[in-house]
Structures are given as structure tokens and as C-alpha cells.
Amino acid sequence: MDQMSSIARPPQADAVAEDGLPLPRRLWAIVAISLGTSLLVIDGAIPTVALPTIARDLGVSSSIVTNIVTVYQLVLVMLLLPFSSLGDRLGHRTLYQYGQGLFMVASGLCFFADNFVVLLVLRSAQAVGAAMALSVSSAMLRHIYPSTKLGTGLGVNSVIVASSAALAPTLGGYIVGHTDWHLVFVVAVPFAVVSLILGRALPDPEPLDRKSEVVSGVWSALSMLLLVGGLLLGTHESVAGGALVFAMGVASTALLVRRERQRAAPVLPVDLLANPTLGLSALAAMACFVASGSLLLSLPFRLETGMGYDPQVVGTLLLPFPLTMLVVSPLAGWVSDRVAPTKLGVTGMGIAITGLLLLATMGDNPGMFGICWRLSFTALGFGLFFSPNSRLLIGRAPRDRAAAAGGLLSTSRLFGQTLAAVLVGILLAAGFGQSPVPLYAACALAVVAAVCSLARYRTAAIRRAAT
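Residues numbered from 1 in each chain as written. Predicted model: local features only at pLDDT ≥ 70, side-chain atom pairs only at ≥ 80, totals over all residues. Heavy atoms only, no water.

Undergrad: I'd love a proper account of the overall build of the protein, names of residues and values included.
TA: Broken down by element type, the protein carries 20 helices and zero strands. Taken over C-alpha atoms, the radius of gyration comes to 22 Å for the protein, in line with the 23 Å a tight globule of 467 residues would show. By principal-axis analysis of the C-alpha atoms, the protein measures approximately 65 × 60 × 50 Å. Counting contacts in the protein only where the partners sit at least 6 residues apart, residues at least 24 apart contribute 83% of the total. Only carbon and sulfur atoms are counted for the fraction: they give 68% of the accessible area of the protein, which is about 19,600 Å². If the 29 positive side-chain charges of the protein are averaged to one point and the 21 negative ones to another, these points end up 10 Å apart. (Helix = DSSP H or I, 4+ residues; strand = E, 2+ residues; numbered from the N terminus. Rg over C-alpha atoms; globule rule 2.2 N^0.38 Å. Contact = heavy atoms within 4.5 Å. Areas by Shrake-Rupley, 256 points an atom, 1.4 Å probe, with all protein chains shown as cover. Lys, Arg positive; Asp, Glu negative; His and termini not counted. Charge placed at Lys NZ, Arg CZ, Asp CG, Glu CD.)

Undergrad: Before we move on, could you go through the layout of surface pockets and cite the residues and values that matter?
TA: If you add up the space inside the second largest pocket, you get close to 470 Å³. Lining the second largest pocket are 22 residues, with M224, T253, L268, L273 and M286 sitting closest to its centre. For the lining of the second largest pocket, the secondary structure elements donating two or more residues are α11 (214-236), α12 (239-260), α13 (270-274), α14 (276-306) and α19 (402-429). The element contributing the most residues to the lining of the second largest pocket is α12, with six residues. When the residues that make up the lining of the second largest pocket are grouped by side-chain class, the tally is 15 nonpolar, seven polar and no charged. (1 Å grid on protein atoms, 1.4 Å probe; cavity = no way out; pocket = protein on both sides within 12 Å on 5 of 7 lines; lining within 4 Å. Points joined across faces, edges and corners; volume = space filled by probe spheres on them. Nonpolar A, V, L, I, M, F, W, Y, C, P; charged D, E, K, R; others polar.)

Undergrad: I'd like a description of the nonpolar core, backed by residues and values.
TA: Judged by nonpolar contacts, the single largest core of 96 residues is most densely connected at I144, L202, L295, L303, M349, L356 and F382. Apart from the residues within four sequence positions on either side, L202 is in contact with L21, R25, A29, A32, I33, R93, Y96, M140 and I144. Counting 20 residues, the second-largest nonpolar core is a separate cluster that includes I54, A55, L58 and A168. (Core = buried A, V, L, I, M, F, W, Y, C linked by side-chain atoms within 4.5 Å. Buried < 20%, exposed > 50% of the residue type's maximum accessible area, 1.4 Å probe, protein only.)

Undergrad: An account of the environment of P438 is requested, with residue identities and associated values reported.
TA: For P438, the position within the fold is in helix α20 (residues 437-466). Exposure remark for P438: the relative accessible area of 3% places this residue in the buried category. A C-alpha to C-alpha distance of 18 Å links P438 and G381, two positions 57 residues apart in sequence. When residues no more than four places from it in sequence are discounted, the contact partners of P438 are S298, L427, F432 and G433.

Undergrad: Residue-level account of the packing of aromatic side chains, with values.
TA: Each aromatic ring pair is specified by the distance between its two centres and by the angle formed by the two planes. The tally for this structure, following the rule as stated, stands at six aromatic pairs. Residues W181 and F185 carry aromatic rings whose centres are separated by 6.3 Å and whose planes lie at 85° to one another, so their mutual orientation is edge-to-face. An identical accessibility class is assigned to W181 and F185; each is buried. Centroid distance F382 to F386: 6.1 Å. Interplanar angle 20°. Geometry classified as stacked. Here F382 and its partner F386 are both found in helix α18 (residues 367-395), four residues apart, which amounts to about one turn of the helix. The class for F382 is buried, based on a relative accessible area of 0%. Among the residues examined, F386 registers a relative accessible area of 11% and is labelled buried. (Phe/Tyr/Trp six-rings, centres within 6.5 Å; stacked < 30°, edge-to-face > 60°.)

Undergrad: An account of the packing of helix α5 (residues 67-90) against helix α7 (residues 116-144) is needed here, citing residue identities and associated values.
TA: Where α5 contacts α7, the two axes come as close as 7 Å, and the packing angle between them is 35°. Once α5 is placed against α7, the crossing between them reads as right-handed. Partitioned by chemical class, the residues of the contact of α5 with α7 number 19 nonpolar, six polar and one charged. (Axes fitted to C-alpha atoms, helices over the stretch in contact; angles between N-to-C directions. Left-handed = near helix turned anticlockwise from the far one by under 90°.)

Undergrad: An account of the packing of helix α2 (residues 25-45) against helix α8 (residues 150-178) is requested, with residue identities and associated values reported.
TA: The geometry of α2 relative to α8 is characterised by a closest axis approach of 8 Å and an angle of 35° between their N-to-C directions. The handedness of the crossing between α2 and α8 is right-handed. Note on element contacts: α8 touches α2 through N157, I160, V161, S164, A165, L167 and A168, opposite S34, T37, S38, V41, I42 and A45.

Undergrad: Residue-level account of the side chain of R123, with values.
TA: By the element assignment, R123 lies in helix α7. For R123, a relative accessible area of 0% corresponds to the buried category. Polar contacts involving the side chain of R123 include one to the main-chain carbonyl oxygen of I68, which spans 3.2 Å. In this view, R123 contacts D43, G44, P47, I68, V69, Y72 and F185; residues no more than four positions away in its chain are not counted. (Polar contact = N/O pair within 3.5 Å; in protein donor to acceptor, adjacent residues only side chain to side chain.)

Undergrad: Please provide a residue-by-residue account of the pattern of salt bridges, values included.
TA: All told, the structure shown has seven salt bridges when counted by the stated rule. Put simply, D204 and R25 hold a salt bridge, and the shortest N to O gap is 2.9 Å. Taken together, the positions of D204 in the loop between α10 (189-198) and α11 and R25 in helix α2 put the pair 179 residues apart, joining distant regions of the chain. Accessibility classification places D204 together with R25 in one group, the buried group. A salt bridge links E213 to R263; its shortest N-O distance comes to 3.2 Å. Highlighted residues: E213 in the loop between α10 and α11 and R263 in the loop between α12 and α13, separated in sequence by 50 residues. (Salt bridge = Lys/Arg side-chain N within 4 Å of Asp/Glu carboxyl O.)

Undergrad: Just give me the short version of a nonpolar patch on the surface, but keep the residues and values in it.
TA: Residues V105, L109, F111, F112 and L183 make up a contiguous nonpolar surface patch of roughly 460 Å² in combined accessible area. Tracing the chain through its elements places L109 in helix α6 (residues 92-109). (Patch = residues over 30% accessible without salt bridge, like charges linked within 9 Å, V, L, I, M, F, W, Y side chains within 5 Å.)

Undergrad: So, the environment of R200: which residues are in play, and what are the values?
TA: Within the secondary structure layout, R200 lies in the loop between α10 and α11. What makes R200 partly exposed here is its relative accessible area of 35%. Sequence spacing of R200 and I64 is 136 residues, and the spatial spacing of their C-alpha atoms is 40 Å.

Undergrad: Give me unusual backbone geometry: which residues, what numbers.
TA: Note that the residue after L23, namely P24, is joined by a cis bond; omega there is 5°. Assignment of secondary structure puts P24 in the loop between α1 (2-8) and α2.

Undergrad: Residues and numbers for the environment of V346, please.
TA: Secondary-structure assignment places V346 in helix α17 (residues 341-361). The class of V346 is partly exposed, set by a relative accessible area of 25%. Setting aside residues up to four positions removed in sequence, V346 forms contacts with A450, S453 and L454.

Shape is all these values report; function is a separate question.
Quick look at the structure:
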């Protein structure tokens, strides 16, 4: 009874302290944020297997129906940073709960979508709600867990994200095969209700006295729209047009950086990026997300077309990667609370680079076991990197900039995944999709991540010596 009352009516005496939330409220908060994160990740990936059915039912082409996934990802990457800034003014829990509520309503309305335009609008609304919640989720993790257990918390969160992404296609396939495809979008509603109720256990809102940054927020969103939109346009429609839009995005971002340098709490977190520890951690994260994304997107083409494996078998062959990550990520997070994260990260990248080289140089008939152990070994390396690197980025940011650091991390992940799709698309168009070239490219990006980690460590050592 006492535990449930802490959900329904969190006492003011439980205001978030440096050592995290008190028990048992901390446990309820962990369940709430884990459930909410899993729903938002699943919703981003679950429609993929339903796209052919949706296209046939709503009378649209296969190329058009993919916008159901693209629009969701585009809106997310556009709004994460602006909502991180808004979350500081409203309070993180307040914005998180508003986002969950909007996501729940939009998901329920998808059941009544009878044409493609309506469905696309509702998917955009879902993405807005998801961006509101995800923009502050990492910051709340810092308030939920004691500082000595932040790595463990981020490791658990990594497991939630990875397992949700792995579950989404299977769950979507079952729903499409046995029920109405509309339920692909609606299945999250009951769980969103539970997440909202449990959300009362999350850290109390602590709004910061900051002025509204509407211009910077809109400018940041438009810059991301141009950057990501240019990449997508160049990959799927027109290379010249995509290059022009992307160049406009680069110019817009450069001008925005000049504007944001004059602000104490910029929407585009140039203050965090200027810090070598945080800036290099963000760059390393993006390089690592591009590398892992390139591996997972390109390997099926080599296995299916180059080695002749059946598509269903290919899906099974890829399972060692997420399964290994599920085990390694929480362990790496736990260890990063006790061992220097840079040591873990560099070790992880060394393993990942070795694994990628083993995958790139394997023969045309390595056997199923040969593929699986190489992929699992590579995942071990990535798993050792992600959680410790995230701990540095979130834990070293000033406490009043935790939401901005979380938004930066999420943006690095989504933008990195987009860059991976573009890179693999370019290599496929150039005729290298069935060759080891995409794996060598992923290996080069893993080297970039390792170099960034080493540079971060060296810079920190120099600073310590100077003081």
C-alpha cells in the first residue's frame, strides 16, 4: 500500500537529490521510464513489416508507403533538441507525461485512419509525442539513479532500446498475420496508459527560469529537416537536388551555431560540444551508430544475394548481434561505474574493429556458425562501447544541461542511423552491396570512434596535469 501511494502521490520531501530517488520510488520510476521508452522505440519500427499490406489496403505505391517510417524518424530528429530546451522550462516529468499522452491519443486514432494522408498525419503526431518524451528521458535517468549507478541505468536503458527494436518486427508480423493492420499502431495504447500512471513516480518537475527560445527551436528543427531531408532526397530521388538541400542545411546550421554561441543555454548545445569530453563523446557515438547501422543494413544483402541464404535464414543469422548486445550492454554499464569508461570504450572499439575485419574477410562459404560467432564477437565490441560512452556524455554534462546532453545523444543516434542508411544506399547503387566494402567502411567509422575516445582521454589527462 505504501508503495502504491508513492506512485499516486509522490511526497515533496522526495525531491530529486544528487543520490537519486529513494527506494521504492526509484524502482517504480525505472519501470515507468523503461516501459515508456520501449513503447516509443517499438512504434518507430513495428510498421515496417506491415507496409506492403498498408500499401495494398490504402491504394498507394510501395515507394510512397515507406513515408510511414520515414516521416516518424524525420520528425523525431527535428524535434529532439528543441523539446530538450522546452523540457528545462516546463520540467522534465511534465514534458515526458505530455508526450506520452499525445502519443497515446494519436496511436488510438490510427485505428480509424481510412486513407493514407490521415495515417501520415497521425504518424507525425505520434512522432511529436515520442520526441517530447525521448528528449528528456536520459536526463531523468540521471535524476532517478544515484551518480554511482548511472552507468548501470544507462546500460539497462540500452537493453530496453535494443530489445524493443528486435521485438518490433516479430510483433508487427504476428499482428498483420492474424488481425487488422491498424492494430500495429494501436497495440501500444494500453501500455501507454500504464506508463502514464506509473509516471507519477518519476522525478518531480523542476522547471528552470529560462526565457523561451522559439526562434532557436524552429531554426534548429528546420536545419535538421534540411540536413536529413537532403540525405533522403539524394538517396531516393535526385542526387543533385539532395546535395543542394543538404548544403542549405549545412549553411543554416553554421549560422545557427553563430547565434547559439551568444546564449547561456542554447537549443543547439554548442556549449556542450565545445567541451572536449562531451563533444568527442557525441562524435564517437555518431560514428559508432553509423558503423553498427551500416553493418546491420548491408550484411543481409551479402548473405542473401552473395551467399544464397533464404531471407528467413538471414533473419536468424542476424540474431546473435542483438542477443549479444542484450547481455553485454547492462554489464558494460555496470562496469563503467567502477572502471574508466574510456578504457572500456577503446577496448570495445578494438574488438568491434577486429570483428568487422573478420566479417569482411570471411570467404563465400563460412557456414552458419562461422557467421554467427563473428557477428556475436563484433556485437561484444559495440556493447562495450555504447553504455560507457553514454555515461560520459550524460554524467559529465552540467546538471542543468542534462536534458540538452540527452537530446544530443538521441540526435546522434538517429542522425547516425540515417547516415548509415544513406551510406549503404550509395554503396548498393555503386554495385558494392554484395561485397565486403560496406564492412570496411563500418570498420573505418569504428576507428574514428576509437580515435575520438583516445583524444578525449588525452585531453582530460592534459587538463589534469595542468591543474
